[in-house]
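An overview of the molecular structure
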Amino acid sequence: MGISKFNRNKSINWGIETEGFKYVKLSTLKPDTVYPLFGMFITKDAGYGEGAVLIMGDCFVNIPERYVDIVKAIMSDDESVADIKAAKCGFKYTEFTSKTHHRTGYAVEFVEL
């Protein structure tokens, strides 16, 4: 692998045509349902911090900002990238009520298919 593994602006070709994909909120999906994962990426900071985005078969899904580092780690792991490209991975989410912020929050879990 060599030193190139430390490149931070790594772009991955996930092998899926995403032209015309729209962004959807995680909350519009059904909780506790496993969805196939076709890829992921990080959006640049536009004043609100970087964003984590998952690629589904027909749309992009915004996930909570706290997953940015996890998505970066997954994208830096060759085995995980290969598994996603081979359709071996998915994700699901659960809802919870934050006692601190008194609102609904979302927890994403990555799963092997």
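A brief look at the structure comes next. On a predicted model such as this, the values are computed, not experimentally measured, just so you know. Each residue is numbered by its place in its chain's sequence as written, counting from 1. Local features in a predicted model are, by the rule used here, given only for residues with pLDDT of at least 70; side-chain atom pairs are given and counted only at 80 or more, and totals for whole chains, interfaces and linings are based on all residues. Based on all heavy atoms of the structure, the side-chain values leave hydrogens and waters out of the count.

Looking now at the sheet that holds strand E1 (residues 22-25). We call two strands paired when DSSP finds no fewer than two bridges between them. Secondary structure elements are defined from DSSP: runs of H or I of at least 4 residues count as helices, runs of E of at least 2 residues count as strands, and each element is numbered from the N terminus. Overall, mixed pairing links the four strands, which are arranged E1-E5-E4-E3 in an open sheet. Only two strands of the sheet have a single neighbouring strand rather than two, namely E1 and strand E3 (39-43). Strand-to-strand twist of the sheet, defined as the mean angle between neighbouring strand axes without regard to direction, takes the value 35°. Where E1 meets strand E5 (residues 59-63), four bridges bridge the pair, whose relative direction is parallel. Residue pairing across strands places Tyr23 opposite Phe60, the latter belonging to E5. The contact definition used throughout considers only heavy atoms, calling two residues in contact when any of these lie within 4.5 Å. Only C-alpha atoms enter the line fits that serve as axes; for helices the fit covers just the stretch in contact. Angles between N-to-C directions range over 0 to 180 degrees. Relative to the sheet, helix H1 (residues 68-76) contacts E3, strand E4 (51-55) and E5, its axis offset from that of E3 by approximately 125°.

Bridge analysis of strand E2 (residues 35-36) against strand E6 (residues 89-98) gives two bridges, and the strand direction is antiparallel. Each residue of the ladder has a partner; that of Tyr35, found in E6, is Phe91. Where E6 folds back onto strand E7 (residues 103-112) in an antiparallel hairpin, the turn is made up of four residues, including His102, whose phi is positive at roughly 55°.

The subject of this paragraph is the side chain of Ser98. Relative to the elements of secondary structure, Ser98 occurs in strand E6. Among the polar contacts made by the side chain of Ser98, one reaches the main-chain amide nitrogen of Thr100 at a distance of 3.4 Å. Between N or O atoms, a polar contact is any pair within 3.5 Å; within protein, one atom must be a potential hydrogen donor and the other a potential acceptor, and residues adjacent in sequence are included only when both atoms are from side chains.

What follows deals with the environment of Thr33. Note on placement: Thr33 falls in the loop between E1 and E2. Relative accessibility decides the category of a residue: with a 1.4 Å probe and only protein chains considered, values under 20% of the type maximum give buried, values over 50% give exposed, and everything between is partly exposed. A relative accessible area of 23% places Thr33 in the partly exposed class. For Thr33 and Gly90, which are 57 residues apart along the polypeptide, the C-alpha to C-alpha distance reads 9.8 Å. Leaving out residues up to four positions away in the same chain, Thr33 has contacts with Phe91 and Lys92. Looking at Thr33, its side chain comes within polar contact range of the main-chain oxygen of Lys30, at 3.4 Å.

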